[in-house]
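Fold and contact review
Listed below are the residues making up each chain.
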There are 4 protein chains.
Amino acid sequence: MSKGTVVLAYSGGLDTSCILVWLKEQGYDVIAFLVFIEDLRAEFVADFIWPAVQANAIYEDRYLLGTSVARPCIARRQVEIARKEGANFVSHGATGKGNDQIRFELTCYALYPEVKKHGIPVPVTPRAPWSMDANLMHISYESGILENPKSHAPADLYLMTKNPEDSPNAPDVLEIEFRNGVPIRVSNEKDGTSEESPLGIFSYLNTVGGKHGVGRIDIVENRFIGMKSRGIYETPGGTILLQAHLDIETFTMDKEVRRIKQGLGIKFSELVYNGFWYSPECDFVRHCISKSQENVEGKVMLSVFKGQVYILGRESPKSLYNEELVSMDVQGDYDPCDASGFIRINAVRLREHHRLQGLASTTKK
Amino acid sequence: MSKGTVVLAYSGGLDTSCILVWLKEQGYDVIAFLVFIEDLRAEFVADFIWPAVQANAIYEDRYLLGTSVARPCIARRQVEIARKEGANFVSHGATGKGNDQIRFELTCYALYPEVKKHGIPVPVTPRAPWSMDANLMHISYESGILENPKSHAPADLYLMTKNPEDSPNAPDVLEIEFRNGVPIRVSNEKDGTSEESPLGIFSYLNTVGGKHGVGRIDIVENRFIGMKSRGIYETPGGTILLQAHLDIETFTMDKEVRRIKQGLGIKFSELVYNGFWYSPECDFVRHCISKSQENVEGKVMLSVFKGQVYILGRESPKSLYNEELVSMDVQGDYDPCDASGFIRINAVRLREHHRLQGLASTTKK
Amino acid sequence: MSKGTVVLAYSGGLDTSCILVWLKEQGYDVIAFLVFIEDLRAEFVADFIWPAVQANAIYEDRYLLGTSVARPCIARRQVEIARKEGANFVSHGATGKGNDQIRFELTCYALYPEVKKHGIPVPVTPRAPWSMDANLMHISYESGILENPKSHAPADLYLMTKNPEDSPNAPDVLEIEFRNGVPIRVSNEKDGTSEESPLGIFSYLNTVGGKHGVGRIDIVENRFIGMKSRGIYETPGGTILLQAHLDIETFTMDKEVRRIKQGLGIKFSELVYNGFWYSPECDFVRHCISKSQENVEGKVMLSVFKGQVYILGRESPKSLYNEELVSMDVQGDYDPCDASGFIRINAVRLREHHRLQGLASTTKK
Amino acid sequence: MSKGTVVLAYSGGLDTSCILVWLKEQGYDVIAFLVFIEDLRAEFVADFIWPAVQANAIYEDRYLLGTSVARPCIARRQVEIARKEGANFVSHGATGKGNDQIRFELTCYALYPEVKKHGIPVPVTPRAPWSMDANLMHISYESGILENPKSHAPADLYLMTKNPEDSPNAPDVLEIEFRNGVPIRVSNEKDGTSEESPLGIFSYLNTVGGKHGVGRIDIVENRFIGMKSRGIYETPGGTILLQAHLDIETFTMDKEVRRIKQGLGIKFSELVYNGFWYSPECDFVRHCISKSQENVEGKVMLSVFKGQVYILGRESPKSLYNEELVSMDVQGDYDPCDASGFIRINAVRLREHHRLQGLASTTKK
């Protein structure tokens, strides 16, 4: 007689295969949920990567959150399956020291609080020479020989990006069009390629970025549980999009709105990294960020070459850029005297501060 | 009879030459203060660039503030000369639409409130094809044909960095050593070069970065006065240092201290961009940031190639990185059950939120 | 022949009367806009005070922004009249050292950029013994003898609130009901009074607060232009509402949403104080704050007595408060072991820090 | 044979008495550490309350953190005793649902990572009618009948403050002098009382505040573990000090420094509430806040009456308040034209925004 049904996020790797066998031996019915067969890629881009693009999401100034945004996507589907199949248990292969266990389990608690998780005693065996985790957005590499933060990553590590030394000697030039802060079209001037669906756009950017070796980083990061860990990531398409979005956003968004939104984006990144995609505060922050993107619209021209993304130009029907106002060659509707007044008022405080310091130093004498 | 003495920040260019003549015609004695002859470079690095490195200073996520940090350095010296020479006036060639007038004048008000500024009627003439401003840290290009945000920068614009397409086909590999969050040594493994003085280190990084085409950006930014403007910058040494400092900082600094310090760094960047280097709040923020750097110590290995900086590894006597603790291959002093408790407590709030939403949807039915 | 039409915000006081005469002498047609006759009170409460209540708006921890929220309300109407009457000029009596000139003029620039303002040479004459500014939300007192920050305010200064020493010896007990973070009903248990319109609610709270001497403060504040000034304010109804709203908000809002919203509220308060009610960033912040209030619903019971507001209790259909979960008398769905795990994980970082400090001190020996 | 030595934080109440007996029965040697006999009061004021005063520490806008600041003080001493006596265990009576277990245990992990805690199976018995926790700074009441957030607190609950209805009908007038942001003297004009030691000052403020019924609040707060709980607190001296410190701080601190410091104070409050007094980030924040207090010096005059604190005036040798500059009766060193320029520059952005919206609405037609 079955002890119940378990939905297992099954990767096909050694760990989750062990778990699968063990669960069956223990008397459970197991539904192995294969992320790659269950094609979640289109909704992964639209529902998870796009909000991250709007937020300029980046953890600790460097990491583009490729794994972090994938976890809630996978766990959401797993919970849907569990509910549909009447399964009381879910299981996964994430180990106890990392962020992924947290991201996975917090999502389950948020979306299906009654569900039970299975803590599976996966034997901790040395994995030579390192472990990797791949999804549409990135590949991450860690553990094994990479745990020594001083040792260099082997040259043949990367699977998603070409080594910049071996990448083409001529750039690709792209135009990316945005509306509401997300890309709606990418085109390549040279070969006439054009993509308009979220999945098409993102996949194409991965291809171009990968070809030119874009998006490799080697960092030490702070896990939610308070450990520092070393991770190596390659995020080709995401890196191009971050640069392009930064550009069109600054071009179209009011300066002070941008400043407030920047703070919300940092908060969003922390929440997503820590596994709180499905939380009241992350809902709230996503709503606010999405609101800020209403005018983030226009086209960015950029080139991709030898690991780098170079912004070349931008245009927008909604830009707050006013060429006549800013021009050094035209007076425009700008009176230089105003600047003097502006400066003198801003200096009121500085002069008072100076006055007081003068008094202090006089007193000391 | 002289109307008084003016200390003029004299660049040797057309604008300040006009001002010089005009001032003399008006009956002033003029002290032309030539920044390049008055060698401020060593103090520029130690007193202005180093604090920016500690702060990971970056304006609107992209601009490394090369002009912004130079203004207070120049104006400070100009005020010193004015005081020493008994001059009542200072003058500069910064035009009325930009940030530099503000930065210059705020510094003067802060350091020498009694001084008078001279608003010189420099004829606004089209400057074909663009204008540039160079200092040890960077060159900026703007105006003229660059005012159209869509038009691409000409390939021969850049003076400080090689075009990545023409840069060497082999990387340089550097080791940068930090103490208190500032570099104290840079060495090149290949050719044995080593520099230890602030000016020596920064100049060498400029050389290597320039040779490999590092640090070019093309952005639209928000000026303090509320206009958007397009600027193109090349900051070779500063770009290398930002990446290296980010790495050693995250390696050695507590996660939560880093988060607070990150906010202070953003504040610092805004203040410096807006001209408030000499202000009570910038003094305060610099003090706090400096305090945060006490353990930011160690060595970063990196390669520089085709416009990119690649971090290769790092080591530190003060790192909070604990290889045994984080290892996936060793249990270490870490109980996986703790993570489950940690997650369940973090989920208390999420489950309550879910419960309330369930009530709400039930009620709606 | 007329030089044009001016819409003057006319208070009936000496200053604006002088301006009125002067404008006519100069050859302008003047439309004197009397805020008190043009009854703006209902929209002042609904469109300006209610958003401030949602934000828990408070400047520098103490000032409830009674004048700040009134300025954009008045200026908005003034601009409407100017547009309707085809007037090219607007004018006001706010003097040059204060915040009100800025608030007034920024609103005009934001809503009617083509309009011209008239800088009227109001003679600066000593106003014995102080000046005041009254609206439905508060009265402010400043200048004259109050400019000495050490001198105590005279006992007979206050017009809107009773001296607490003379106020009733028995409290009034009120129940305030909120929906979407704004009050929708107030009732007095004792005498059966009940109000449900925004204006009715706010006026009644003013009456009760005034009767019991609630909402007096004597502060030094920082004006936008960088001066410190001393102001005395009485805000009876607003003070009651701040306390009541804080209570129902904390009762119904998720902890982490609240933390983010708190930061937005501080930002909102600065913007409103500085005159940026009508700005892209204030629009954005108001939108976000309003979003946060969707579940801020329920009733707060409080008593008002001798200058104080005492919260007595609260209830809500949307509260996240879970009496069973929190109870010390019931185990509920809470496993104490989880707390131990939670603590140990939170301590990982602290123990690593301690370890490193131990190493440091060992090394020093 | 003993199983080892336990240092128990012993309150003398039922719970810790049970724990004491149980530990001895289990075969441990017990050192009962009585906080009230071990007089920690002077260091509690100087080392824990004073930093909270400097920070204007307040949790969720209302709670003055009376319990939160006491826990690290007690745990620090307990750890000192354990180290001195060679005890391997510490124990306490804090239950599993609250903040105090966390605060206690995090402090131990931070200061004595090798120590073991004892999770004692205290029987959870209904405690009629409520529980309380008292220290020099405050008394908190919770649980039992108070767990219903709607029910009013009984009138005879409070032990530290008089009921305002029964408090004196005449105020006490105090002068509090600050240096470096902490009080160095309090004096009562009427009866000539004067105190100068930290403990003397704080105790006297408790006496006066208690006599006049100052500092009672009834709130729902968010515990670290994500539950909402209802607490009632009375903090007489702390409430007076918060008001006085806010006043002298705003009087003497630069506006922009204050704004940054306000954010740090909010962070400090969260950290202390959550039990992270001894953490790298709290050390850092305390350092920064302390730095901000260097000029917070001067005297505040206030009256205490019927539950309220009224600021009457203030003076300081280090104030940035400039009576002549701010005066409406004197022109001073202030040119009204500067304000116009200041406003116009601030409006550049607003006008651009308006222009774009006009374009948008035109386009829509």
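Since we're looking at a predicted model, the values are computed, not measured. (Residues numbered from 1 in each chain as written. Chains lettered and ligands numbered in written order. Predicted model: local features only at pLDDT ≥ 70, side-chain atom pairs only at ≥ 80, totals over all residues. Heavy atoms only, no water.)

**Things to note about the overall build of chain A**
Our working definition: The secondary structure listing takes helices from DSSP runs of H or I that are at least 4 residues long and strands from runs of E that are at least 2 residues long, numbered from the N terminus. Between buried and exposed lies partly exposed: a residue is buried under 20% and exposed over 50% of the maximum accessible area for its type, with that area taken using a 1.4 Å probe on protein chains only. Two residues qualify as a contact provided that any one of their heavy atoms is within 4.5 Å of a heavy atom in the partner residue. Per-residue accessibility takes into account occlusion by the displayed protein chains alone, with areas from the Shrake-Rupley method and a 1.4 Å probe. Here Asp and Glu are counted as negative and Lys and Arg as positive; His is not counted, and neither are the chain ends. Note that the charge is assigned to NZ on lysines, CZ on arginines, CG on aspartates and CD on glutamates.
Assigned secondary structure in chain A consists of ten helices and 13 strands. Projecting the C-alpha coordinates of chain A onto the three principal axes gives extents of approximately 85 × 65 × 45 Å. Buried positions account for 63% of the 365 residues belonging to chain A. Across chain A, the fraction of contacts at a sequence separation of at least 24, relative to all contacts at a separation of at least 6, is 69%. Total accessible area on chain A is roughly 13000 Å²; 52% of this is exposed by carbon and sulfur atoms. Positive and negative side-chain charges of chain A, numbering 41 and 47 respectively, have mean locations separated by a distance of 6 Å.

**With respect to the pattern of salt bridges**
Pairing is possible between side chains that carry opposite charge, provided their charged atoms lie close to one another. Here is the rule we go by: Salt bridges are defined by distance alone: a side-chain nitrogen of Lys or Arg within 4 Å of a carboxyl oxygen of Asp or Glu.
This model, assessed by the stated rule, comprises 116 salt bridges over all chains. The salt bridge partner of Arg71 of chain D is Asp100 of chain D, with a shortest N-O separation of 3.4 Å. Within this pair, whereas Arg71 of chain D is found in helix 3 (residues 66–85), its partner Asp100 of chain D is found in helix 4 (residues 100–111), the two being separated by 29 residues in sequence. Here the salt bridges share partners, and the residues they tie into one network are Arg62, Asp218 and Arg230 of chain A together with Asp247 and Arg314 of chain B.

**Digging into the environment of Ser2 of chain C**
Residue and element names in this part refer to chain C. Here is the rule: Contacts described as polar in this section are N or O atom pairs within 3.5 Å, which, within protein, must combine one atom able to donate a hydrogen with one able to accept it, while residues neighboring in sequence count only if both atoms come from side chains.
Counting through the fold element by element, Ser2 comes out in the segment before strand 1 (5–10). Residue Ser2 is classed as partly exposed on the basis of its relative accessible area, which comes to 32%. C-alpha of Ser2 to C-alpha of Leu34: the two residues are 32 residues apart in sequence and 22 Å apart in space. In this structure, Ser2 is in contact with Gly27, Tyr28 and Asp29, ignoring residues within four places of it in sequence. Engagement of the side chain of Ser2 in a polar contact is seen with the backbone nitrogen of Gly4, the distance being 2.9 Å.

**Overview of the domain arrangement of chain A**
For clarity, the threshold we go by: Where each domain starts and ends comes from a domain assignment, either automatic or drawn from a database.
Per the domain assignment, the segments of chain A are domain 1 (5–321) and domain 2 (331–364). The distance between the C-alpha centroids of domain 1 of chain A and domain 2 of chain A comes to 47 Å.

**Side note on the pairing of strand 11 (residues 228–234) of chain B**
Residues and elements named next belong to chain B. Operational definition: Strands are labelled as partners when DSSP assigns at least two bridges between them.
For strand 11, the buried fraction is high: seven of the seven residues fall into the buried class. Burial along strand 11 is two-sided: the residues Lys228, Arg230, Ile232 and Glu234 and Ser229, Gly231 and Tyr233 are all buried. Inspection of the sheet shows strand 6 (residues 139–142) paired to strand 11 by three bridges, in the antiparallel sense. Its bridge partner lying in strand 11, Ile139 is registered against Glu234.

**Focus on the interface of chain B and chain A**
Our working rule: Buried area counts how much accessible surface, traced with a 1.4 Å probe, disappears from two parts once they are put together, with both parts' losses summed. Any residue that is not Ala, Val, Leu, Ile, Met, Phe, Trp, Tyr, Cys, Pro, Asp, Glu, Lys or Arg is counted as polar, Gly included; the first ten are nonpolar and the last four charged.
If you look at the interface, chain B gives 104 residues, while chain A gives 105 residues. In this assembly, chain B packs against chain A so that about 9400 Å² is buried in total across both faces, 57% of it on carbon and sulfur atoms. For Asp61 of chain B, the salt bridge goes to Arg258 of chain A, with nearest N and O atoms at 3.0 Å. Where chain B meets chain A, there are 33 residue pairs in polar contact (both at pLDDT 80 or more). The greatest single-element share of the side of chain B that touches chain A, amounting to twelve residues, is contributed by helix 10 (residues 336–364) of chain B. The class makeup of the residues in the side of chain B that touches chain A is 42 nonpolar, 30 polar and 32 charged.

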